[in-house]
Amino acid sequence: MASLIPPQAPPKWNHTPEEVLSVTKQALAQNKAISDKVAALPEAECNFETLPLANAEAEVLIICEPLGFYQNVSTSKELRDASNQAEVLQRDFDVEESMRPDVFKAKAAAEKNLRKSGEWERLSDEQRRLVEKMVLDGKRAGLALPEKEREVLMKLKKELSQACLDFSKNFNEEDGLISFTLEELDGVPGDVISGYNKRTEGSKEVYDITFKTPDIFPIFKFAHNPATRRGAQEGYEDRLKQNVPLLEKVLDLRRRIAAMLGYDTWADYITEVKMVKSGKNAEDFLDELEAKLRPVGEKERKILLQLKKEEHDKRGLPFDGEFYIWDYRYYDRVYVEKTLNLDESLVKEYFPVSVVVPTILKIYQDLLGVKFIEIKNDNKDVWHPEVQQFAVWEKDAKDESAFVGYCYLDLFPRAAKYSHAAVWGLLPGYELPSGKRHYPLTAMVANLAKPTPERPALMRHDDVTTFFHEMGHVFHGLLSRTKYARFHGTSVARDFVEAPSQMLENWCWEPEVLEKMSSHYKTQEPLSPELIDKMIRSRYVNVGLFYLRQLFFAKFDLKVHVDKEAADYTKLWNDLRESISLVKGGKAQPGQGTFGHIVGGYDAGYYGYTYSLVFAADMYATVFKKDPLNPALGKLYRDKILLVGGSRDETDSLEDFLGRSPNSDAFLEEIFGKVANASL
């Protein structure tokens, strides 16, 4: 198989800042030329074949997506800045193109001609969906408005795009630190502390901690001193205060745009094209779930508060009867250790990165019938030496027709890199006009812990689950096979996009899979059945508080996109968190400045994380639970969910996969049926 040559070369990653901008401008100019030709067509000549817009859209994506990606991963500030500017150019261009009445007129004429001539019935389902979606785009873009209003709308959209980009740039380039002495870090595992930068400040030694997840989260979970946890929490929430005015601007612009387009709220505008269909439906879903979760969360809070009282008494600390945000992760861990005798630091020793990553890749390859071949040495072309590059093939590939696409893994933290875990579909898969295929490329960016002087790089079980989840997005991008790039991979309704990956997280709680993925870094022994049992029982511990925290994010996101007037968003953030999450804050910090989802495509959409869990639970319980590693079930999932991407309604894909309409039974059983079993 190693001798097979992919039919499509991977992209080069050697652009200069000047090239990033010049190549972007050239691609946009070529795209505009095609739109101009379409716009010049007489209405009578507008039909499916004379409007090559879908392929033109794909061609510009192929060039611009990788160039806009540099801002998330490059070590060169000049290249990141150029990449950010290129994305500004592309977003502004997209706004202008989406607002062209001449092109919209051609699309509408094509649909009318197709229906009138009888050609409509001869189109495939995916072709008809393409036409309908393109025409709907024009209506949602405001092309029914008078010219003067369209010009104002275009200006507002460009301002919105820029404000979102500025917010994201600040998010990516945040490089703040907080410092503590060794005494203040009491309780934090030694292997974590050994990874911090130590320096002398005056007469004492201090440790600098970044706000990246592998550095700051151990303080939330392990630092015995509540003042240390509070300082870390307040620093973490305050790290992006420069985003506060940007968010205010974003929300103001969205309110104005929604009003111009004739929508009651931005939430209604956004949800119109999602499974939930309206802001009201999303609110009802969250309210109903909160009502069910609240009694569970209140009971859990009471138990954790008692643990806090016991610990404060033991350590001689004052106890004021309150449960704070900086107490939550700490006492959640203490509860698990006490009730299940489960030590997270011990569990981590069984998950070295060098074992977990290849094992997870193998599990996916076996389940879904593909093979990853790493590209190395002189053939490797990546944006940073630590990145792994893979060619992906069908498992029994004999010739180039079995090529699937490319996958890149950029897994470790570095300065100015995107600071969380996410997957970018950098190249879409679709059918070229020649009948051949263009193959996809997906890239996962993560921030796994690096090795320390004492230990290899180890992963918390949370990190393992996140990695498994993100690989779900990777395979959605690789194994989709649609005719049009517009429907490729994760181009599904935003409140369904997480469901496949959320379903796959279940594998990280299956005994057979946990045994496969684990290998103690010293002894190479897998997790024992006893330890696996404790981990599985810990899954639903404090599940009420966990989901109430998710509902806080979702309700903040929805409220700011439903309200007609601006508000004090720092106050709203802190008040909502206290009332919904059942944790008190201290000093009101501008945590909304850290809420990247709100400018990253999840505006009026964070509810989708919980909404899609309903589908994830149903898919897993109905199909996979009985035999999670069965390749025959993997093929069913590949064919019914991944293959079709967004080329049909998500409800149709679910019904095809499940053999019936989806329901919430499995989700409710998973959350509320397991709560009683989680506490001893």
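Values in this document were obtained by computation on a predicted structure and should not be read as measured data.

Criteria and thresholds
- Residues numbered from 1 in each chain as written.
- Predicted model: local features only at pLDDT ≥ 70, side-chain atom pairs only at ≥ 80, totals over all residues.
- Heavy atoms only, no water.
- Salt bridge = Lys/Arg side-chain N within 4 Å of Asp/Glu carboxyl O.
- Helix = DSSP H or I, 4+ residues; strand = E, 2+ residues; numbered from the N terminus.
- Buried < 20%, exposed > 50% of the residue type's maximum accessible area, 1.4 Å probe, protein only.
- Phe/Tyr/Trp six-rings, centres within 6.5 Å; stacked < 30°, edge-to-face > 60°.
- Lys NZ or Arg CZ within 6 Å of the ring centre and 35° of its normal.
- UniProt positions renumbered as here; feature names shortened; annotations may be inferred.
- Contact = heavy atoms within 4.5 Å.
- Polar contact = N/O pair within 3.5 Å; in protein donor to acceptor, adjacent residues only side chain to side chain.

Undergrad: What is the right way to look at the pattern of salt bridges in this model?
TA: Where charged atoms of side chains with opposite charge meet at close range, the side chains can pair. Evaluated as defined, the whole model comprises 62 salt bridges. D81 serves as the salt-bridge partner of K77, at 3.0 Å between the closest nitrogen and oxygen. With a gap of 4 residues between them, K77 and D81 both fall in helix 3 (residues 77-98), about one helical turn apart. In this structure K77 comes out as partly exposed when scored by relative accessible area, which is 40%. One connected set of salt bridges, linked through shared partners, spans K32, D36, E97, R100 and D102.

Undergrad: Quick question: what am I supposed to make of the packing of aromatic side chains here?
TA: Pairs of aromatic rings are described using the distance from one ring centre to the other and the angle between the two planes. Under the definition given, this model contains 46 aromatic pairs. An angle of 65° between the planes, with centres 5.1 Å apart, marks the rings of F403 and Y406 as edge-to-face. Of the two residues, F403 and Y406, both sit in the buried class. Judged by centre distance (5.1 Å) and plane angle (90°), the ring pair of Y418 and W424 falls under edge-to-face. In this structure, Y418 and W424 share a single accessibility class: buried. Three or more aromatic residues joined by ring pairs make a cluster, and in this case those are F552, F553, F556, W573, F595, Y602, Y606 and Y609. Across from the ring centre of Y269, 4.1 Å away, lies the NZ or CZ of R140, which sits over that ring. A cation sits over an aromatic face here: R229 above Y330, 4.0 Å from the ring centre.

Undergrad: How should the UniProt feature "domain: Peptidase M3A/M3B catalytic" (unreviewed entry) in the chain be read in this particular structure?
TA: Following the UniProt record, one finds the feature "domain: Peptidase M3A/M3B catalytic" (unreviewed entry) at residues 223-670. For residues 223-670, helix accounts for 51% and strand for 8%, while the C-alpha atoms at its two ends are 32 Å apart.

Undergrad: Mind showing me how you'd approach the environment of L458 here?
TA: Its place among the elements puts L458 in the loop between strand 10 (441-445) and helix 17 (461-479). Sequence separation between L458 and G187 is 271 residues; the distance between their C-alpha atoms is 18 Å. With near-sequence residues (within four places) excluded, L458 lies in contact with K348, E349, F351, P352, V353, A449 and Y521.

Undergrad: What should I look at first to understand the environment of R437 in this one?
TA: By secondary structure assignment, the location of R437 is in strand 9 (residues 437-438). In this structure R437 comes out as buried when scored by relative accessible area, which is 15%. Once the C-alpha coordinates of R437 and A554 are considered, the two residues, 117 residues apart in sequence, prove to be 39 Å apart. Apart from the residues within four sequence positions on either side, R437 is in contact with Q8, G429, Y430, E431, L432, R481 and T482. At a separation of 3.0 Å, a polar atom in the side chain of R437 contacts the main-chain carbonyl oxygen of T482.

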